[in-house]
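Secondary and tertiary structure notes
Residue-level listing of the chains:
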Amino acid sequence: MIGVFDSGVGGLTVARALSEAVPGVTLLYLGDTARVPYGSKSADTVARYSRMAARFLTDRGVEMLVVACNTASAYALEALKAELPIPVLGVIEPGARAAAAATRSGQIGVIGTLGTVRSRAYERAIGAVNPALGVTAHACPLLVPLAEEGWIGDDPIAAQVVRRYLEELRARAADLDVLVLGCTHYPLLRPLIGRIAAEIFGRPITLIDSADAIATAVKQARRPTPDAGASRLQCYVTDEARIGEIGERFFGRSLGTVERVDL
Ligand code: DGL
């Protein structure tokens, strides 16, 4: 049983990648939908909420905890690792390693929430892999509501917003060849971000999806289970208002029964 928590529905992209990469796994997913977004909140608040979410899942006996939220990974991972008796994995380190391995120019871009960018967590994680690499992080707060509204694919307004953010990033780091999607919601916008990045930078930009990177890391950290069968999801939220409407878009299939809980 693996516990996965996020500030809301976005972490279902991580749950989806985990359920595909780790057959037979039972995922206990907690989305703190009553308090989303974490991306605009202070470090202390994000750390406090993250502890409450982690306690909810450890009380249910999970053997590993995955912090799916980039902002929570940026602000609370070290504390959770120190305080919990089980392995705790965040999304930043696997994404940083994948980005460091992929770059040829030595210049990496990162897009994420305000909190993730302010924390400088990606700069630290990429610097720990290779201090010679350059990292430019850029906050793209409007991409979270766009993904939740389903304004993805070829939506012209989403395209305009992505273009503006990537032009700002290009003005700061014209030589980057790798871009980390450092937020749970961005995999939904991946085709659009990839297309516009190629236009703006004038060459294909390698996109690193932190959901795929953490799924590979979890797979490596676990013993393989032969004939494990299908994975299962048990989904908990702290507010149920929009989960039925948007949860499936993030998970890629039905969530089954969703239980509302108090932390
Ligand atoms: N889950 C958050 C992240 O990956 C995005 C949504 C929020 O701001 O809470 O940083």
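For the structure itself, look to the data block above.
Residues numbered from 1 in each chain as written. Predicted model: local features only at pLDDT ≥ 70, side-chain atom pairs only at ≥ 80, totals over all residues. Heavy atoms only, no water.

**Notes on helix H3 (residues 70–83)**
In a regular helix each residue adds 1.5 Å, so 14 residues correspond to 20 Å; H3 covers 19 Å between its end C-alpha atoms and thus fits that length. When the local axis directions of H3 are compared, the greatest deviation, roughly 65 degrees, occurs at alanine 76. The complete set of buried residues in H3 reads Asn70, Thr71, Ala72, Ser73, Ala74, Ala76, Leu77 and Leu80. (Helix = DSSP H or I, 4+ residues; strand = E, 2+ residues; numbered from the N terminus. Expected span 1.5 Å × (residues − 1). Bend = angle between axes of the 7 residues up to and from the residue. Buried < 20%, exposed > 50% of the residue type's maximum accessible area, 1.4 Å probe, protein only.)

**Considerations on the packing of aromatic side chains**
Where two aromatic rings form a pair, the distance of their centres and the angle of their planes describe that pair. In the structure shown here, the tally under the stated rule is two aromatic pairs. Where tyrosine 38 meets tyrosine 49, the ring centres are 5.7 Å apart and the plane angle is 50 degrees; that geometry is what we call tilted. Taken together, the residues tyrosine 38 in the loop between strand S2 (26–31) and helix H2 (43–58) and tyrosine 49 in helix H2 connect sequence positions eleven residues apart. Residues tyrosine 38 and tyrosine 49 agree in their burial class; the two are buried. Ring geometry for phenylalanine 56 against tyrosine 236: centres 5.1 Å apart, planes inclined by 75 degrees, an arrangement best described as edge-to-face. (Phe/Tyr/Trp six-rings, centres within 6.5 Å; stacked < 30°, edge-to-face > 60°.)

**As for the side chain of threonine 13**
Secondary-structure assignment places threonine 13 in helix H1 (residues 12–21). A polar atom in the side chain of threonine 13 sits 2.9 Å from the backbone oxygen of glycine 10. Apart from residues lying up to four places away in sequence, threonine 13 is in contact with Thr184, Pro187, Leu188, Ala211 and Phe250. (Polar contact = N/O pair within 3.5 Å; in protein donor to acceptor, adjacent residues only side chain to side chain. Contact = heavy atoms within 4.5 Å.)

**Observations regarding the environment of glycine 109**
Of note, glycine 109 is situated in strand S5 (residues 107–112). Along the chain, glycine 109 and methionine 52 lie 57 residues apart, while their C-alpha atoms are 32 Å from each other.

**Here we look at the environment of leucine 65**
If you trace the backbone, leucine 65 turns up in strand S3 (residues 64–67). Spatially, the C-alpha atoms of leucine 65 and leucine 84 are 9.2 Å apart, while their sequence positions differ by 19 residues. The contact partners of leucine 65, leaving out residues within four places of it in the chain, are Gly3, Phe5, Ala54, Leu57, Leu84, Ile86, Pro87, Val88 and Leu89.

**Regarding the site of the ligand**
Residues in contact with the ligand amount to 13 residues; listed here are only the nearest, Asp6, Ser7, Tyr38, Gly39 and Thr71. Within the side chain of serine 7, a nitrogen or oxygen atom sits 2.6 Å from an oxygen atom of the ligand. Burial of the ligand by the surrounding chains reaches 99%, relative to a free accessible area of 290 Å². For the shell around the ligand, the residue count by class is five nonpolar, seven polar and one charged. (Near = heavy atom within 4 Å. Areas by Shrake-Rupley, 256 points an atom, 1.4 Å probe, with all protein chains shown as cover. Nonpolar A, V, L, I, M, F, W, Y, C, P; charged D, E, K, R; others polar.)

**Points about the nonpolar core**
Among the nonpolar cores identified, the biggest contains 60 residues, and Leu12, Leu18, Leu143, Leu166, Ile193, Val218 and Leu233 are the most heavily contacted of them. The element that contributes the greatest number of residues to this core is helix H8 (residues 156–172), accounting for seven residues. Apart from the residues lying within four places of it in its own chain, the contact partners of leucine 166 are Leu179, Ile193, Ile196, Ala197, Ile200 and Phe201. Judged by nonpolar contacts, the second largest core, of 24 residues, contains Leu30, Leu57, Ala76 and Leu77. (Core = buried A, V, L, I, M, F, W, Y, C linked by side-chain atoms within 4.5 Å.)

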